[in-house]
Amino acid sequence: MRVKILAAVTSVLAIAPLAFSVSATAGPRAVLELFTSPFCSACPPADALFTELARSPDLITLVMPVDSMDRPGRTDPLAKPAFTDRQAAYAERRNSDMLFTPQAVINGAAEAQGSDADEIREGIAQTLNVLTVPVDAKAAGKHINLSVGGAGKAAAKTGVITVLPFMRDHTEPLRGGRSAHYANLVRDVIPVDTWNGEPFKARLLRQDFAKYDGIVVLLQAGTNERPGAIIGATRIEFAKSDRS
């Protein structure tokens, strides 16, 4: 998916702390990414756990079905190579050649078994203070206005801004009468721009996301090819009346 960035302006002026959207009344405590597959026998408990975690207002959860378990005659229509590439990029950053499902990545900096609530809780505790840069996204008429604050005390002074559109709830029929249910199912990973530690603003076209329930905006250390710790994030949901 490609989206048109209508304007991107970097300012050297200091800005006040940004307010989060109505659906994110305070800065998130953690961003949790789940790499999953319907062909993984251990994945349904992780999918169910992430459905529960999605109800926590201080967590941003993202579910990404990977295509690494697809085989001829057995493919997941929800899986995308971009999700598999993202999981592999995290492993490369950790100097690991181990990819597994279900895998949870916490704040881009820690990993856990996706079905293990205790491991995920431990990963959150280990990365509790990495989300230090304010990020804001607001739907305004035909546009979505993005704002990212300055680096301040953040460990990373450069990074990338990424938008991930999602479906709030999705049930996918499987063979044998089974089904897979996902909460906050990501449908794309869209690079927006690089970030040089200065306050940044951009404007996107709302119509590019008309078929989704909302978007998550991530500010992440590293590059698109080698993403590192997530240092800022926000999530907004679109009203049903805004969707076409």
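Heads up: the structure comes first, above all this text.
Note that the coordinates shown come from a computational prediction; the quantities given were computed from them, not determined experimentally.

1. So, helix H3 (residues 117-126)
Since one α-helical turn is 3.6 residues long, residues separated by three or four positions face the same way.
So, step 1. All of the buried residues along H3 are Ile120, Gly123 and Ile124. Down the axis of H3, the sector holding all buried residues measures 100°, keeping them to one side. Residues of H3 that are exposed and point over 90 degrees away from its buried face: Asp118, Arg121, Ala125 and Gln126.
So, step 2. One side-chain oxygen of the residue at the start of H3 lies 3.0 Å from the amide nitrogen of Asp118, identifying that residue as Asp116.

2. Quick word on the layout of surface pockets
So, step 1. Quantified by volume, the second largest pocket comes out at close to 200 Å³.
So, step 2. Taken together, Ala82, Asp85, Arg86, Ala89, Val160, Thr162, Val189, Pro191, Gln220, Asn224, Glu225 and Pro227 make up the lining of the second largest pocket.
So, step 3. Among the secondary structure elements, those contributing two or more residues to the lining of the second largest pocket are helix H2 (81-93) and strand S8 (159-173).
So, step 4. If you tally residues by element for the lining of the second largest pocket, the top one is H2, at four residues.
So, step 5. Considered class by class, the residues forming the lining of the second largest pocket number six nonpolar, three polar and three charged.

3. Some points on unusual backbone geometry
So, step 1. That bond from Thr101 to Pro102 is cis: its omega, -5°, falls within 30 degrees of zero.
So, step 2. Tracing the backbone through its elements, the reader meets Pro102 in the loop between H2 and strand S4 (103-106).
So, step 3. You will see that Asn107, though not glycine, has its phi angle at about 55°, which is positive.
So, step 4. In this fold, Asn107 is placed in the loop between S4 and strand S5 (110-113).

4. Describing the nonpolar core
So, step 1. With 46 residues, the main nonpolar core has Leu32, Ile120, Val163, Trp195 and Phe209 as its most contacted residues.
So, step 2. Leave out the neighbours within four places in its chain, and Leu32 touches Phe50, Leu53, Leu59, Ile60, Thr61, Leu62, Val105, Ile106, Ile120 and Ile124.
So, step 3. The next biggest cluster of nonpolar side chains, apart from the first, holds 18 residues, and it includes Val31, Met64, Leu131 and Leu218.

Here is what the cut-offs are and how they apply
Each residue is numbered by its place in its chain's sequence as written, counting from 1. Local features in this predicted model are restricted to residues of pLDDT 70 or higher, and side-chain atom pairs are both shown and tallied only at a pLDDT of 80 or more, whereas totals for entire chains, interfaces and linings draw on every residue. Just so you know, side-chain values use all the structure's heavy atoms and leave hydrogens and water out. Working definition: with a 1.4 Å probe on protein chains only, accessible area under 20% of the residue-type maximum means buried, over 50% means exposed, and in between means partly exposed. Under the DSSP-based scheme used, a helix requires at least four consecutive residues in state H or I and a strand at least two consecutive residues in state E, with every element numbered from the N terminus. Within this analysis, the arc is defined by the directions that extend from the helix axis to the C-beta atoms. Counted as a polar contact is a pair of N or O atoms within 3.5 Å, where, for protein atoms, one must be capable of donating a hydrogen and the other of accepting one, and residues adjacent in sequence contribute only when both atoms are in side chains. Whether a set of points on the 1 Å grid over the protein atoms alone is a cavity depends on a 1.4 Å probe fitting there but being unable to get out, while an open set qualifies as a pocket with protein on both sides within 12 Å along at least five of seven lines; lining residues are those with an atom within 4 Å of a point. Grid points are joined across faces, edges and corners, and a volume is the space filled by probe spheres set on the points. For this scheme, ten residues count as nonpolar: Ala, Val, Leu, Ile, Met, Phe, Trp, Tyr, Cys and Pro. Four count as charged, namely Asp, Glu, Lys and Arg, and the remainder, Gly too, count as polar. What is meant by a nonpolar core is a set of buried Ala, Val, Leu, Ile, Met, Phe, Trp, Tyr and Cys residues, joined one to another through side-chain atoms within 4.5 Å. Every residue pair with non-hydrogen atoms within 4.5 Å of one another is taken to be in contact.

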